[in-house]
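# Survey of secondary and tertiary structure
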Amino acid sequence: MPAKGRLRGPSVELLEHAGFAPDAPGERALAFPCRNAPVDVLLVRAADVPEYVQDGVVDCGITGADLVRERGVRVTELQRLGFGHCTLEPAVPEESPVRELADLDGLRVATAYPRLTRELLAEAGIGAELVDVTGSVEVAPRLGLADAIVDLVSSGSTLRTNGLRALGPLFSSEAVLVGPEQPSAGALQLAGVFRSVVEARRARYLMLNAPEAAVPDICALVPGSRAPTILPLAEPGMVAVHAVVPAADVWRLLPELEAVGASSILLVPVERMSG
Ligand code: AMP
């Protein structure tokens, strides 16, 4: 997994949530074991992870989907991990006449992601001259090195600070677990454990009480494939309803449930979801 940068912290946290008990790695550690699972973690540059996985140096690796594409390696994506979200976007100086992606045709574009940018621009039918840079891509237009840049964006604040205007995403990325084309049984098992954690993070366990007559309305509101559990309460005519709901829907769902008669609504985190 990445030794530094944005993906390191959430990667260690994923191992913690998976119950592996990673031995808290110091800032300079190159590797660390896990106390609860036969997993040894190597800390390397995020950009080196794809090659290490392809060459079989490790069973699997965590890195950005953008870097997997950029390195042009033959690896298999075993699991999307739900963190490290960002987009690869072209941007131009505020005052540039460029309005949309198509206007980049024939212009000079600076990027630290030359392979991916070339592929994505070609797919969009745009022939730009790429200028490879390794850092501080945002200053390239001001230095007269390029007319535009293509860089990773998460909040967009770095672009704004540098007087740049984004033209819209070319590629959406997040952290992924990748394995070799023929993944080992251990890598597949690890992917399954991570999947159960990632899916659980997106879910909440909902419990509420309601009059029996409100159950059809409640079932219509509670989305998802899993049928709710309906349990009788000691009070005649009242039931408890339990269901797993998407965390992202909760803000909307709770007032709607109250409006159809739900009371004593409890929402609790889910630690794992599998099966
Ligand atoms: P770094 O923090 O530079 O080590 O970034 C490594 C990876 O973090 C990138 O390859 C992306 O997959 C991911 N990432 C997420 N958000 C951003 C962002 N705003 N800028 C750069 N990288 C990002």
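A brief look at the structure comes next. Note that the structure is predicted; figures quoted are calculated from it, not measured.

### Topic: the site of the ligand
What surrounds the ligand is a group of 13 residues, the closest being Gly 5, Arg 6, Asp 66, Leu 67 and Ser 154. Taking Asp 66, its side chain carries an N or O atom lying 2.5 Å from an oxygen atom of the ligand. When isolated, the ligand has an accessible area of 480 Å², and the protein chains bury 78% of it. Contributing elements (two or more residues each) for the shell around the ligand: helix 3 (65-71) and strand 8 (148-153). Residues belonging to the shell around the ligand are distributed by class as follows: six nonpolar, five polar and two charged.

### What to know about the packing of helix 1 (residues 8-17) against helix 6 (residues 185-201)
If you want to describe how two helices pack, look at the angle between their axes and the distance between the axes. Where helix 1 meets helix 6, the closest approach of the two axes is 10 Å, and the angle between their N-to-C directions is 100°. The angle between the axes of helix 1 and helix 6 places the two elements in the roughly perpendicular class. Residues Glu 13, Leu 14, Leu 15 and His 17 of helix 1 touch helix 6, and the partners they reach there are Phe 194, Val 197 and Arg 201.

### Comments concerning the packing of aromatic side chains
Enumeration according to the criterion identifies one aromatic pair in this entry. Seen from their ring centres, Phe 20 and Phe 194 are 6.3 Å apart, and the 40° between their planes marks the pair as tilted. Here Phe 194 lies in helix 6 and Phe 20 lies in the loop between helix 1 and strand 1 (31-33), a separation of 174 residues in the sequence. Taking relative accessible area as the criterion, Phe 194 reaches 1% and is therefore assigned buried.

### Quick look at the sheet that holds strand 13 (residues 229-232)
The strands that make up a sheet are held in pairs by hydrogen bonds between backbone atoms, and each pair lies either parallel or antiparallel. What the four strands build is an open sheet, ordered 13-14-12-15; its pairing is antiparallel. Lying at the two open borders of the sheet, with one neighbouring strand each, are strand 13 and strand 15 (263-269). This sheet shows a mean twist of 20° between the axes of neighbouring strands, independent of strand direction. For strand 13 and strand 14 (residues 238-246), the ladder comprises four bridges, and the chain directions are antiparallel. Bridge assignment links Ile 230 to a residue of strand 14, and that residue is Val 241.

What counts and how
- Along each chain, residues carry numbers from 1 onward, in the same order as the chain's sequence is written.
- pLDDT decides what is reported in this predicted model: residues at 70 or higher carry local features, side-chain atom pairs at 80 or more are listed and counted, and totals for whole chains, interfaces and linings draw on all residues regardless.
- Only heavy atoms go into the side-chain values, all of them from the structure, while hydrogens and water stay out.
- Nearness is judged by heavy atoms alone; a residue qualifies as near a molecule or strand once a single heavy atom is within 4 Å of it.
- Polar contacts, as used here, are pairs of N or O atoms within 3.5 Å; protein pairs need one atom able to donate a hydrogen and one able to accept it. Residues neighboring in sequence count only if both atoms are side-chain atoms.
- To measure how exposed things are, a 1.4 Å probe is used in the Shrake-Rupley method; for residues, cover is taken only from the protein chains shown.
- Numbering of helices and strands runs from the N terminus, with a helix taken as a DSSP run of H or I at least four residues long and a strand as a DSSP run of E at least two residues long.
- Under the convention adopted here, Pro, Cys and the residues Ala, Val, Leu, Ile, Met, Phe, Trp and Tyr are nonpolar, Asp, Glu, Lys and Arg are charged, and Gly plus all remaining residues are polar.
- Between the N-to-C directions of two axes lies an angle of 0 to 180 degrees, each axis being a line fitted to C-alpha atoms and, for a helix, fitted only over the stretch in contact.
- Should an angle fall under 35 degrees it is taken as roughly parallel, and over 145 as roughly antiparallel, whereas 65 to 115 is taken as roughly perpendicular and any remaining angle as oblique.
- It only takes one pair of heavy atoms within 4.5 Å for two residues to be counted as in contact.
- Note on aromatic contacts: the rings of Phe and Tyr and the six-membered ring of Trp form a pair at centre separations within 6.5 Å, being stacked when their planes are under 30 degrees apart, edge-to-face when over 60 apart, and tilted otherwise.
- Buried, partly exposed and exposed residues are distinguished by accessible area as a fraction of the type maximum, computed with a 1.4 Å probe on protein chains only: under 20%, between the cut-offs, and over 50%, respectively.
- In this description, strands pair whenever DSSP reports at least two bridges between them.

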